[in-house]
Amino acid sequence: MENILTVDNLHVTFKTYGGTVQAVRGVSFTLHKGETLAIVGESGCGKSVTSNAIMRLIPDPPGKITAGRIVFKQQDLTRLSEKSMRKIRGVDISMIFQDPMTALNPTLTIETQLVEGLKQHQKDISSKEAKQKAIEIMTLVGIPNPRERMKQYPHQFSGGMRQRIVIAIALICEPDLLIADEPTTALDVTIQAQILELFEKIQNVTGVSIILITHDLGVVAKIADRIAVMYAGKIIEVGTKREIFYESEHPYTKGLLKSVPRLDLKGESLKPIDGTPPDLFSPPAGCPFTARCPFAMEVCDKAYPAQTTLTDTHRVDCWLQDERAKKLLAQAATT
Ligand code: SF4
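So, a few notes on the structure that sits alongside this text. For every chain, the first residue of its written sequence is number 1, and the numbers climb from 1 along that sequence. With pLDDT at 70 or above as the cut-off, local features in this predicted model cover only qualifying residues; side-chain atom pairs require 80 or more to be listed or tallied, and sums for whole chains, interfaces and linings still use all residues. Side-chain measures were taken over the full set of non-hydrogen atoms in the model, leaving aside hydrogen atoms and water.

### What about the overall build of the chain?
Just so we agree on the cut-off: Working definition: helices are DSSP H or I runs of at least four residues, strands are E runs of at least two. Numbering for both runs from the N terminus. Put simply, the radius of gyration uses C-alpha atoms, and a globule should come to 2.2 Å times the residue count raised to 0.38. Three exposure classes are used, based on accessible area relative to the maximum for each residue type with a 1.4 Å probe and protein chains only: buried under 20%, partly exposed in between, and exposed over 50%. Contacts were defined at the residue level, with two residues in contact if any of their heavy atoms lie within 4.5 Å. Counting rule applied: Lys, Arg positive; Asp, Glu negative; His and chain ends not counted. Here the site of a charge means atom NZ of a Lys, CZ of an Arg, CG of an Asp or CD of a Glu.
Tallying secondary structure elements over the chain gives 12 helices and 12 strands in all. A compact globule built from 335 residues would reach a C-alpha radius of gyration of about 20 Å, and the chain, at 22 Å, matches this within 12%. Across its three principal axes, the chain shows a C-alpha extent of roughly 80 × 50 × 40 Å. Considering the chain as a whole, with its 335 residues, one finds that 46% of them fall into the buried category. In the chain, the share of contacts with a sequence separation of at least 24, taken over all contacts with a separation of at least 6, comes to 63%. Where the 40 positive side-chain charges of the chain centre and where its 38 negative ones centre are 4 Å apart.

Written out as structure tokens, the structure reads:
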């Protein structure tokens, strides 16, 4: 399958009065054309920083991409000038943010906000063509009476409709990559389901590749093809949706899955993961999950585990996959 994006050994830091936060620590992944990759993890794990780095929206200072490459359609985005990035943002790569109310300008009509980006990037498009395109995209995202409704302002729309407009703005220039950062968090549950269905429809119609950033495994189960689990600035497990939900190997991924409510497990209480993530001002040399891991071994806090490839698509960073650990565990089981 053709890769549209390759993130290779990405490091992002933020300088603060208290020291330097190592927010993203060697993240690597690929995204195929037309696929949806979900990046999941708890708050502060570095998932949003990773997506902002792809858009080159890390404010420098205090933030900085200190190492790594972000290769999008054969060009390394980390090396592009701000001027070149402006030609890519909104055209080749678009982003949808969490809160649709703050993503829209309350003083401008929906038409103005939809057409603005289009005219910015397609200088020769006429006003009539731009308006027609805006009507088509509003129809695609499921806004009824687009001709009338585009004359209205954001406050005249419900939360779900506002998020549809934000998605329409992100799609109007027909990007190859759409990054959605917690796109359903600010919406109620029934509207969340509609927006997720909309993402599926958009992908079927346009073939856009999607990176979905979320802490909600329910959202992931609905639309992701592959899932990357992040913890303390690193991807600790990646696999297809089936591999992560049914064959996960990392104790953190297993803990995350046990803390999600399931309708098929009646009478069982949810099991939270005790403890808190490590301090990223001075991250541990070893596995960052050591302090919370029920299987932690002596080696775990001394050295970071090498990545184990379980299948073509499933990889995990955990010492439990090391042959020596497997042998010891097998011995312990027989004694
Ligand atoms: Fe637990 Fe060690 Fe695996 Fe980390 S490397 S998840 S501490 S067993």
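### Description of the packing of aromatic side chains
Rules: Here the aromatic set is Phe, Tyr and Trp, taking the six-membered ring for Trp, and pairing holds for ring centres within 6.5 Å; pairs whose planes are under 30 degrees apart are stacked, those over 60 apart are edge-to-face, and all others are tilted. Counted as over-ring charges are cases with an Arg CZ or a Lys NZ within 6 Å of the ring centre that also lie within 35 degrees of the ring normal.
Scanning the model with the defined rule gives 3 aromatic pairs in all. With a centroid separation of 5.3 Å and an interplanar angle of 85°, the aromatic rings of Tyr231 and Phe289 are classed as edge-to-face. You can see Tyr231 sitting in strand β9 (residues 226–231) and its partner Phe289 sitting in the loop between α11 (251–258) and β11 (307–309), a full 58 residues away along the chain. The same class applies to Tyr231 and to Phe289, which are both buried. A network of ring pairs unites the aromatic residues Tyr231, Tyr252 and Phe289 as a single cluster. Sitting over the face of the ring of Phe157, Arg149 holds its NZ or CZ atom 4.0 Å from the ring centroid. Between Lys234 and the ring centre of Tyr304, over which it is positioned, the NZ or CZ distance is 4.4 Å.

### Focus: the nonpolar core
The condition that has to hold: To form a nonpolar core, buried Ala, Val, Leu, Ile, Met, Phe, Trp, Tyr and Cys residues must be joined to one another through side-chain atoms within 4.5 Å.
Of all hydrophobic cores here, the largest spans 56 residues; its most connected members are Ile96, Leu114, Ile167, Leu178, Phe199, Ile227 and Val229. Setting aside residues no more than four positions away along its own chain, Phe199 makes contact with Ile96, Ile167, Leu178, Ala180, Pro183, Ile210 and Ile223. Of all hydrophobic cores here, the second largest spans 35 residues; its members include Ala23, Ile39, Ile58 and Ile235.

### Observations regarding the sheet that holds β11
Rules: Pairing between two strands requires that DSSP report at least two bridges joining them. Each axis is a line fitted through C-alpha atoms, and for a helix only the stretch in contact is used; angles between axes span 0 to 180 degrees, taken between their N-to-C directions.
Taken in spatial order, the 8 strands line up as β6-β7-β8-β3-β9-β10-β12-β11 in an open sheet, and their pairing is mixed. In this open sheet, the two strands that pair with only one neighbour each are β6 (93–96) and β11. Going from strand to strand, the sheet's axes swing by 20° on average, the running direction of each strand aside. Seen against the sheet, helix α7 (residues 159–171) touches β6 and β7 (177–181) and runs at an angle of roughly 170° to β6. Its contacts with the sheet place helix α8 (residues 189–206) against β3 (36–40), β6, β7 and β8 (209–214), and it is angled at close to 160° to β8.

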